[in-house]
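Coordinate analysis (summary)
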Amino acid sequence: MAKDKTEKTEKTNVMRLLEQKKLPYTPHDYLATGAVSGVEVAAALGEPPERVFKTLVTTGASGGHYVFVIPVAEELDLKKAAKAVGEKSIAMLPQKELLPLTGYIHGGCSPIGMKKQFPTVLHESAADCESIYVSAGKIGYQVQLSPGDLQKMLPMKLCDVIK
C-alpha cells in the first residue's frame, strides 16, 4: 500500500536529495485538501501540529541569513533566535526575497536543498519525536523523516527558539 502512495506522489528535489544520501523518508501530499496554514496541513496529514515543522528564513543584524525549523503552531521568538545564532538581532526575511535567496516560494520552503546552505536551527522539541514532517520543497508536499536523518542532511543545532 505504501508503495502505491510513493508512486503517485510527485517527486520533488528534496526527495531526490534524501535518496542521494540514502536516507529513509515517507512522502505525503495534501494537495486535495486545500490546506494552507501549517496547522491545516497538520490536520490534513492527520498529525498533531507539534510533529509538523515549518521553515522560516531570517536576516541577522550582520547581514547573514539563518533558517529556523519550528512546529507549525508556534511562533519564532526573535530574541531567542538571535541568541541561538550569535546575532544582536534578527528579522524575518521579506517574502519577495525568499525565492531568489533559497530557490523556494512561501509555503513550499524546505530546510533541505536551498540554493545555499545557511546556519540552521531545529526546535529542540523535534528530539522528542520519532519522526517529523517538513516541506518537500513544493506547496502540497511534505516529507516525513527522523530528526536525526534531517540533521544528517544539513548541519543544524537544536535550540528553544519559540515564544
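All values reported here derive from a predicted model rather than from experimental measurement.

Here we take up the overall build of the protein chain. When its secondary structure is counted, the protein chain shows 6 helices and 8 strands. By residue count, 46% of the 163 residues in the protein chain fall in the buried class. Within the protein chain, contacts between residues separated by at least 24 positions form 61% of all contacts whose residues are at least 6 apart in sequence. The positive charge centre, built from 20 side chains, and the negative charge centre, built from 18, are 7 Å apart in the protein chain.

Time to look at the sheet that holds strand E3 (residues 65-71). Pairing is mixed in the open sheet, where 5 strands are placed in the order E4-E2-E3-E5-E8. Each edge of the open sheet carries a strand with a single partner, namely strand E4 (90-92) and strand E8 (156-159). For this sheet the average axis-to-axis angle between neighbouring strands, irrespective of direction, equals 35 degrees. Of the strands in this sheet, E3, E4, strand E5 (120-123) and E8 touch helix H4 (residues 78-85), which is tilted by about 120 degrees from E4.

The next subject is the side chain of Glu47. Within the secondary structure layout, Glu47 lies in the loop between helix H3 (38-45) and strand E2 (53-60). For Glu47, the side chain forms a polar contact with the side chain of Arg51, separated by 2.8 Å. Within polar-contact distance, the side chain of Glu47 engages the side chain of Tyr133 at 2.8 Å. Not counting residues within four places of it along the chain, the set of residues in contact with Glu47 comprises Ala42, Val52 and Tyr133.

Moving on, we come to the side chain of Ser110. Following the sequence through the fold, Ser110 ends up in the loop between helix H5 (95-102) and E5. The buried category is assigned to Ser110, whose relative accessible area is 0%. Of note is the side chain of Ser110, whose polar atom sits 3.1 Å from the backbone nitrogen of Ile112. Here Ser135 takes part through its backbone oxygen, which lies 2.8 Å from a polar atom of the side chain of Ser110. With sequence-adjacent residues up to four places away left out, Ser110 is seen in contact with Val14, Thr55, Tyr104, Ser135, Ala136 and Gly137.

A separate point is the nonpolar core. Ranked by size, the top nonpolar core spans 29 residues in total, and within it Leu18, Leu122, Ile132, Val134, Val143 and Leu150 carry the most contacts. Leaving out residues up to four positions away in the same chain, Ile132 has contacts with Arg51, Phe53, Leu122, Ala126, Val143, Gln144, Leu145, Pro147 and Leu150. If you look at the next biggest cluster of nonpolar residues, it comprises 14 residues, including Leu56, Ala82, Ala84 and Val161.

Applying the stated criterion to the full structure yields 5 salt bridges. Note that Lys163 is salt-bridged to Glu75, the shortest N-O span being 3.1 Å. Of this pair, Lys163 sits in the segment after E8 while Glu75 is found in the loop between E3 and H4, placing the two residues 88 residues apart along the sequence. Lys163 gets classed as exposed once you look at its relative accessible area, which sits at 60%.

Bringing a nonpolar patch on the surface into the picture now. On the surface, Leu99, Ile105 and Ile139 cluster together to form a nonpolar patch covering roughly 250 Å² of accessible area. Within the fold, Ile105 resides in the loop between H5 and E5.

Residue-level pLDDT values for the protein chain average 92, and 94% of them are 70 or greater. Note that pLDDT drops below 50 for residues 1-7; the model gives that stretch 3 contacts with residues more than four away or on any other chain.

Parameters and conventions
Residues numbered from 1 in each chain as written. Predicted model: local features only at pLDDT ≥ 70, side-chain atom pairs only at ≥ 80, totals over all residues. Heavy atoms only, no water. Helix = DSSP H or I, 4+ residues; strand = E, 2+ residues; numbered from the N terminus. Buried < 20%, exposed > 50% of the residue type's maximum accessible area, 1.4 Å probe, protein only. Contact = heavy atoms within 4.5 Å. Lys, Arg positive; Asp, Glu negative; His and termini not counted. Charge placed at Lys NZ, Arg CZ, Asp CG, Glu CD. Pairing = 2+ DSSP bridges. Axes fitted to C-alpha atoms, helices over the stretch in contact; angles between N-to-C directions. Polar contact = N/O pair within 3.5 Å; in protein donor to acceptor, adjacent residues only side chain to side chain. Core = buried A, V, L, I, M, F, W, Y, C linked by side-chain atoms within 4.5 Å. Salt bridge = Lys/Arg side-chain N within 4 Å of Asp/Glu carboxyl O. Patch = residues over 30% accessible without salt bridge, like charges linked within 9 Å, V, L, I, M, F, W, Y side chains within 5 Å. Areas by Shrake-Rupley, 256 points an atom, 1.4 Å probe, with all protein chains shown as cover. pLDDT = per-residue confidence, 0-100.

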